[in-house]
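# Secondary and tertiary structure notes
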Amino acid sequence: MLKEIIIPDLGEGIDTVEVGEINVKPGDHVETGDILVVLESDKASMEIEAEDAGTIKEIRITPGSEVRTNTILAILELDQSAEPTPVEEVEAQAPKAEVTPEPVEEEIPQAQVEAPITKRKVVSASPSVRRFARELGCELSQVTPSGPKGRVLKEDIQNFVKSRLSGAPAGAVVSPAQPEIDFSQWGEIETVRLSKIRRVTAVNLQRAWQTIPHVAQMDETDITELEAFRQVFKHAVAKEGGKLSILPFIMKAVALALQKYPDFNGSLDIRGENLIHKKYIHLGIAVDTEAGLVVPVIRDVDQKSLSQLALELVDVSLRTRERKIKPAELMGATFTISSLGGISGTGFSPIVNPPQVAILGVSKSKMTPEWNGSEFVPRLMLPFSISYDHRVIDGASAARFTKFIAEALSAIKELV
Ligand code: CAO
């Protein structure tokens, strides 16, 4: 059964459009949805797609020609499975159509004609911009327009192509490259090659920074009792080869918080349409090594005791610093903790490590005078923060999450 593929209604005020690309030739087999032809007016491009599967018998237009509503673009021989009635039946109803190239206006018997065709997406762009996009192999419908009335400009295509080459998402603002500077013109210099870890980390951090809308939430907690507890039990843990720093307590509190607020343990799917909740809690722990930052993973933190976590932390951080950690041990984290508490600082906002949606930053605890309602008392206060992906987490949820961690660390008896 043959079918005419005709130009759909072009809309008011558009008499003719120019044929841009013809993506098929006689003999080609097409599936439903395949783009057959691209039409171009001075305002927009229109892709004509196949409504049915079949074989192209004839093309009746040429690139650059002017066509109008209802012009026949091509003749398609429908696949048998796509035909509404058996071939024999159709043949009995109407004479078999012999579609010949001449004359062009010859019609196929009406019984065998089905129309019209769907418009896919109308993109507003000038012919020169469309030509430019075609030369670069860039699909106009994917470009974010910045011109008046949603018109795609030449710069939009340049930005789109740049972002694709740099791995940034479509529509992301691409910063112009930094100019190369000869620093030796102002004094003596030495060039040091960055380690592989630093180079890989740089790419990952830049991608995370450009693709995730980050927000940081600061908080603090009273760990006076926790510290007293730690001083008593750290010797027993040390005898087993572990180190009971504040970190294992924080890991426990975070695991509880992730159970209560599972969004923080989730990941956005690649289209950004679904949040994947993970039923396991694997924590990435940022370890400072000579070669740069490495993040090994401690698994099933919610199922481990404090001393188990203390032992595993020593083992993992030691092997990471000695570069003995296996690649598989660096994968699968659901949330990351970055602790600079052993060094210095009152607060910082770490960068979220995708596909995770949040990261905890721990700073150095400090003895501070705290008002208890009637007097100032010395309390050991631990500052910490979370950075989170605002596409997934709201500010109020972030504040509840950090409040929960703060309370869990203060209530040491319940935590252990
Ligand atoms: N406040 C006060 N003191 C703290 C503290 C805190 N928040 N956290 C740790 N300390 C103390 C520890 O108790 C320890 O003291 P002692 O040696 O007297 O017992 C000392 O600081 C050093 O701790 P540590 O670093 O050896 O142990 P840890 O369990 O706290 O941390 C590890 C382990 C691997 C996370 C850490 O060594 C590390 O590498 N941190 C750097 C992470 C990093 O670079 N992050 C930045 C990445 S950017 O996001």
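Okay, so let's go over this structure. (Residues numbered from 1 in each chain as written. Predicted model: local features only at pLDDT ≥ 70, side-chain atom pairs only at ≥ 80, totals over all residues. Heavy atoms only, no water.)

### Let's talk about the pairing of strand β2 (residues 16-22)
Bridging between β2 and strand β7 (residues 66-68) involves three bridges; their strand directions are antiparallel. For T16, the partnering residue across the bridge sits in β7 and is R68. Pairing analysis gives three bridges linking β2 to strand β4 (residues 35-40), with the strands arranged antiparallel. Note that in β4 the partner of V19 across the bridge is L39. (Pairing = 2+ DSSP bridges. Helix = DSSP H or I, 4+ residues; strand = E, 2+ residues; numbered from the N terminus.)

### A short note on the packing of helix α6 (residues 246-260) against helix α8 (residues 395-410)
Relative to each other, α6 and α8 sit at 135°, their axes nearing to 9 Å. Classified by the angle their axes make, α6 and α8 are oblique. Pair α6 / α8 crosses with right-handed handedness. Contacts from F249, I250, A253, V254, L256, A257, L258 and K260 in α6 reach F401, F404, I405, A408 and L409 in α8. Of the residues contributing to the contact of α6 with α8, the split by class is twelve nonpolar, no polar and one charged. (Axes fitted to C-alpha atoms, helices over the stretch in contact; angles between N-to-C directions. Parallel < 35°, antiparallel > 145°, perpendicular 65-115°, else oblique. Left-handed = near helix turned anticlockwise from the far one by under 90°. Contact = heavy atoms within 4.5 Å. Nonpolar A, V, L, I, M, F, W, Y, C, P; charged D, E, K, R; others polar.)

### Remarks on the site of the ligand
Among the 24 residues in the neighbourhood of the ligand, the closest are listed as S245, R321, S338, S363 and S365. R321 places a polar side-chain atom, nitrogen or oxygen, 2.7 Å from an oxygen atom of the ligand. Contact distances for the ligand include 3.5 Å between a nitrogen atom and a backbone N or O atom of G342. Contact with the protein chains covers 72% of the free accessible surface of the ligand, which is 960 Å². Tallied by class, residues from the shell around the ligand come to eleven nonpolar, eight polar and five charged. (Near = heavy atom within 4 Å. Polar contact = N/O pair within 3.5 Å; in protein donor to acceptor, adjacent residues only side chain to side chain. Areas by Shrake-Rupley, 256 points an atom, 1.4 Å probe, with all protein chains shown as cover.)

### Structural notes on the packing of aromatic side chains
Considering all chains together, one arrives at nine aromatic pairs under this definition. Taken together, the ring pairs in this structure connect Y261, F264, F335, F401 and F404 into an aromatic cluster. (Phe/Tyr/Trp six-rings, centres within 6.5 Å; stacked < 30°, edge-to-face > 60°.)

### Topic: the side chain of T320
The topology assignment puts T320 in helix α7 (residues 306-321). By relative accessible area, which is 4% here, T320 ends up buried. Among the polar contacts listed, one links the side chain of T320 to the backbone oxygen of V316, at a separation of 2.6 Å. Among residues more than four places away in sequence, those in contact with T320 are V287, T289, V294, P296 and I325. (Buried < 20%, exposed > 50% of the residue type's maximum accessible area, 1.4 Å probe, protein only.)

### Brief notes about the pattern of salt bridges
Applying the stated criterion to the full structure yields 15 salt bridges. Among the salt bridges present, the one from R379 reaches E225, with a minimum N-O distance of 3.3 Å. A residue pair is termed long-range when its members are at least 10 positions apart, and R379 in strand β21 (residues 376-389) and E225 in helix α5 (residues 224-239) qualify at 154 residues. By relative accessible area, E225 is classed as partly exposed at 43%. Across the pair E312 and K304 runs a salt bridge, and its minimum N-O distance is 3.0 Å. One network of salt bridges, with partners in common, ties together K3, E51 and D52. (Salt bridge = Lys/Arg side-chain N within 4 Å of Asp/Glu carboxyl O.)

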